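# Structural description and commentary
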Amino acid sequence: MINRRHFLAGVVGLPALSYLDLTAAFADTPKDVLVIAQQLDNITSLDPHEGFESISSEIITNMYQRLVVPNPANPNEVIGDLAESWKASEDGKTVTFKLKKNVTFTSGSPVTAEDAAYSLQRAVIINKTPAFIISQFGYTKDNVRDAIKAIDANTLTMTILEPASPQFLLYCLSANVGSIIEKKAAIAHEKDDDFGNNWLRNNSAGSGFFALRAWKPSESVMLDVNPNGGTNGKIKRILMRHIADPSAQLLLLQKGDVDIARNLTTEQQRGLLKDPEYTLVRTGVASLNLLSLNQKHTNLQKPQVWEAIKWAIDYQGIQKNIVPLTHSVHQSFLPKGFPGAVTDTPYKRDVGKAKALLKEAGLESGFEITLDHASTLPERDIVQAIQANLADIGIKVRLLSAEGRAVLTKMRARQHEMAFSVWGSDYFDPHSNAEAFCINSDNGDDSKRRTLAWRSAFADTDITRRATEAVREIDPQKRLALYDKLQRDFMAKSPFVIMLQWTYSAACRKGVNGVHIGILNDGTYDKITKA
């Protein structure tokens, strides 16, 4: 049981409110303060060119703007955020951006093309985890200042140095690593040539809807409204509290101590569905659950076995009975909501067809195999269902349970036979997952390019070639058509059984409206209101 007094007293930095004022207010949270209960313990940095976890991504989205962002109404295109317009040269190697005028940082300083150039250069030069999203266009610390330049106060040019589609560049710039920071603020807080990185981990210098007031790791995050950010003007402060236990989150929601709970279980969500005092906002996000069949195992090298396993699994039954509110059935490598995603689900449980395929593979009597999986729920329940499904066609599965990171380590060493795991997209472009699932140009154990395909020793020359060509296609519609065909062929001709797509939720008290969850967990808070 969470101590309510401790919870309220732990809210940091509320000016002009005594403890007694705060206690009284939280009987019904203040109209201009949004309080969220959420698991926050995986945040490592709030520097937009370093933070790469799902929760930090959402917070960063609300503190910073990018040149372009995905169009929530049409995932096949991007729309301007700081950029008013953009144009690619005829050869597709240079993209020129015109920035909007009269946009300001939280400091009150105008956002200029010089800030934009500095920010993108900085992302490459400091070379933190998400830097590859920008540097894959050929940028290095030695050439990026010449390749990304401010022409005047509102004009920015980017020269693509590696073969790639301008559309691909736009999607990559829509990731948080494309956030534009205030150059003057970063330089003012530089230490040991870190481009202000140490300071920006715990402070903000953006032009987004909110600014960071305080962050206490594994405790809380506080955001204050940016007076220059163009919000609805009703929410002045957001308090995010780290509440690890979903049951504690639910209790706080029911007592009125929080407005939103973000990590409720399926059963807890069920209890709120018919209660008019609450609403559930649910969005499919870019995380997929799948079975990986290691091609180093003799029996798993046979395409008929891949197909047999795909036809043996009861996808609909698993989703309906185990994860009805947290996952949906999905079978292609691009998540629903991504540009060009195929949402067809051709595989259904067909035991007869699966047995016939095993017989064709010369394995009519079946075989034994191990399946590595995370020890957490719902993974434990899902793999037990898979075990039962495969037993029906003669495949005897021995389950190997471990911490999720141990399963990942084993897969990275290519030591699994079968593994049930999750894959999340790094940025909002088809290539993010196409590269991971399809490209394996060096299948040696000492390969430097260790994609998801490499981890299961899947090396298909044609699939690799087509994925490489798709990212270079300049025509946007032709490019999406290439990914459409690639997904369909991959479903039929690969040792990966993609099963489910995650759904993230926000349980909201009555009167809380405008909550949005983005597909990359990058939802914005600016439209949220409280009645």
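Keep in mind it's a predicted model, so treat the numbers as computed, not measured. (Residues numbered from 1 in each chain as written. Predicted model: local features only at pLDDT ≥ 70, side-chain atom pairs only at ≥ 80, totals over all residues. Heavy atoms only, no water.)

With that settled, the discussion passes to the confidence of the model for the protein. For the protein, per-residue confidence averages 92 on the pLDDT scale, and 94% of positions sit at 70 or higher. The low-confidence segment residues 1–26 (pLDDT under 50) makes 45 contacts with residues lying over four places distant or belonging to another chain. (pLDDT = per-residue confidence, 0-100. Contact = heavy atoms within 4.5 Å.)

The next point concerns the pairing of strand S11 (residues 220–225). Most of S11 sits out of view: 5 of its 6 residues are buried. Taking the residues between adjacent antiparallel strands as the criterion, strand S10 (residues 210–216) and S11 are bridged by 3 residues, where Ser218 takes a positive phi near 60°. Inspection of the sheet shows S11 paired to strand S12 (residues 237–242) by 5 bridges, in the antiparallel sense. Its bridge partner being in S12, Leu223 is matched across the sheet by Ile238. (Buried < 20%, exposed > 50% of the residue type's maximum accessible area, 1.4 Å probe, protein only. Helix = DSSP H or I, 4+ residues; strand = E, 2+ residues; numbered from the N terminus. Pairing = 2+ DSSP bridges.)

Now for the packing of helix H17 (residues 430–438) against helix H19 (residues 461–472). Relative placement of two packed helices is described by the angle separating their axes and the distance separating the axes. Remark: H17 packs on H19, axes separated minimally by 9 Å, with the N-to-C direction vectors making an angle of 160°. Taken together, the axes of H17 and H19 lie roughly antiparallel to each other. Pair H17 / H19 crosses with left-handed handedness. Residues His431, Ala434 and Cys438 of H17 touch H19, and the partners they reach there are Ile463, Thr464, Ala467 and Val471. Tallied by class, residues from the contact of H17 with H19 come to 5 nonpolar, 2 polar and no charged. (Axes fitted to C-alpha atoms, helices over the stretch in contact; angles between N-to-C directions. Parallel < 35°, antiparallel > 145°, perpendicular 65-115°, else oblique. Left-handed = near helix turned anticlockwise from the far one by under 90°. Nonpolar A, V, L, I, M, F, W, Y, C, P; charged D, E, K, R; others polar.)

Glancing now at the environment of Leu300. With respect to the element layout, Leu300 can be found in the loop between strand S14 (278–293) and helix H12 (303–312). Residues Leu300 and Lys141, spaced 159 residues apart in sequence, show a C-alpha to C-alpha distance of 43 Å. Sequence-distant contacts of Leu300, that is, excluding residues within four places in its chain, are made with Leu293, Asn294, Gln295, Val305, Trp306, Ile309, Phe367, Ile369, Glu417 and Met418.

We now examine the packing of aromatic side chains. With the rule as written, the count across this model stands at 19 aromatic pairs. Between Phe333 and Phe437 the ring centres are 6.0 Å apart and the planes differ by 20°, which places this aromatic pair in the stacked class. With Phe333 in the loop between strand S15 (327–329) and helix H14 (351–360) and Phe437 in helix H17, this pair connects stretches of sequence that are 104 residues apart. Residue Phe333 shares its accessibility class with Phe437, and that shared class is buried. Their ring planes at 85° and their centres at 5.8 Å tell us that Phe437 and Phe490 sit as a pair that is edge-to-face. (Phe/Tyr/Trp six-rings, centres within 6.5 Å; stacked < 30°, edge-to-face > 60°.)

Further remarks concern the pattern of salt bridges. Enumeration over the complete set of coordinates arrives at 24 salt bridges. Asp344 is the salt-bridge partner of Arg488, the closest N and O atoms lying 2.7 Å from each other. With a gap of 144 residues between them, Arg488 in helix H20 (residues 476–492) and Asp344 in the loop between S15 and H14 connect regions that are remote in the sequence. Classification of Arg488 as partly exposed rests on a relative accessible area of 35%. Through salt bridges with shared partners, a single ionic network connects Asp462, Arg465, Arg466, Glu469, Lys485 and Asp489. (Salt bridge = Lys/Arg side-chain N within 4 Å of Asp/Glu carboxyl O.)

For the structure on display, the rule yields 0 disulfides. Free cysteine: Cys438, not disulfide-bonded; nearest cysteine sulfur from Cys172 at 16 Å. (Disulfide = S-S within 2.5 Å.)

Think of an α-helix as 3.6 residues a turn; residues three or four steps apart then line up on the same face. Here H20 spans 25 Å end to end across 17 residues, near enough to the 24 Å set by a 1.5 Å rise per residue. Contacts from the buried residues of H20 go to strand S4 (74–80), helix H7 (166–173), H12, H17, H19 and strand S19 (496–509). (Expected span 1.5 Å × (residues − 1).)

This part takes up the environment of Leu99. Here Leu99 lies in strand S6 (residues 94–99). Using a relative accessible area of 4% as the deciding quantity, one classes Leu99 as buried. Taking the C-alpha atoms as reference, Leu99 lies 31 Å from Val221; in sequence the two are 122 residues apart. In contact with Leu99, not counting residues within four places along its chain, are Leu67, Leu82, Ala83, Glu84, Thr112, Ala113, Ala116, Asn154 and Leu156.

We now examine the side chain of Gln268. Tracing the chain through its elements places Gln268 in helix H11 (residues 266–273). Among the residues examined, Gln268 registers a relative accessible area of 14% and is labelled buried. A distance of 3.3 Å separates polar atoms of two side chains, one belonging to Gln268 and the other to Ser247. With residues up to four places along the chain from it excluded, the contact list for Gln268 reads Pro246, Ser247 and Leu250. (Polar contact = N/O pair within 3.5 Å; in protein donor to acceptor, adjacent residues only side chain to side chain.)

Here we take up the nonpolar core. In terms of nonpolar packing, the biggest core is built from 141 residues, with Ile59, Phe97, Leu156, Ile309, Phe437 and Met499 touching the most fellow members. Sorting elements by how many residues they give to this core places helix H4 (residues 113–126) first, with 9 residues. Excluding residues within four positions of it along the chain, Phe97 makes contact with Leu67, Ala83, Ser85, Trp86, Asn154, Thr155, Leu156, Met158, Leu170 and Leu173. Judged by nonpolar contacts, the second largest core, of 16 residues, contains Val35, Ala37, Val258 and Ala261. (Core = buried A, V, L, I, M, F, W, Y, C linked by side-chain atoms within 4.5 Å.)

Moving on: the layout of surface pockets. Its boundaries defined by the atoms lining it, the second largest pocket holds a volume of some 700 Å³. Forming the boundary of the second largest pocket are 27 residues, of which Pro70, Pro72, His516, Asp522 and Thr524 lie nearest the centre. When residues of the lining of the second largest pocket are traced back to their parent elements, those giving at least two are strand S2 (65–66), strand S3 (68–71), S4 and S14. A per-class count over the lining of the second largest pocket returns 10 nonpolar, 11 polar and 6 charged. (1 Å grid on protein atoms, 1.4 Å probe; cavity = no way out; pocket = protein on both sides within 12 Å on 5 of 7 lines; lining within 4 Å. Points joined across faces, edges and corners; volume = space filled by probe spheres on them.)

Right, let's get into the pairing of S10. Here S10 pairs with S11 via 6 bridges, running antiparallel. Looking across to S11, one finds that Ala214 is bridged to Met222.

Read across the open sheet, the 4 strands follow the order S5-S6-S8-S7; overall the sheet is antiparallel. This sheet does not close on itself; its edge strands, each paired only once, are strand S5 (83–88) and strand S7 (148–152). Averaged over all pairs of adjacent strands, the angle between their axes in this sheet comes to 20°, without regard to strand direction. Direction of pairing for S7 relative to strand S8 (residues 155–159): antiparallel, over a ladder of 4 bridges. Opposite Lys149, over in S8, you have Thr157 as the bridge partner. Of the strands in this sheet, S6, S7 and S8 touch H4, which is tilted by about 175° from S7. The strands touched by H7 within the sheet are S5, S6 and S8, with S6 carrying the most contacts at an inclination of about 45°.

Turning our eyes to something else, we now look at unusual backbone geometry. Along the chain, Leu377 connects to Pro378 via a cis peptide bond; the corresponding omega equals 5°. Within the secondary structure layout, Pro378 lies in the loop between strand S16 (367–374) and helix H15 (379–391). Its identity is not glycine, yet Asn127 carries a phi of approximately 55°, on the positive side. Looking at the element boundaries, Asn127 is found in the loop between H4 and helix H5 (132–135). Residue classification places Asn127 among the exposed positions, given a relative accessible area of 55%. Backbone geometry at Arg414 places phi at a positive 60°, although glycine is not the residue there. Structurally, the position occupied by Arg414 is in the loop between helix H16 (404–412) and strand S18 (418–424).

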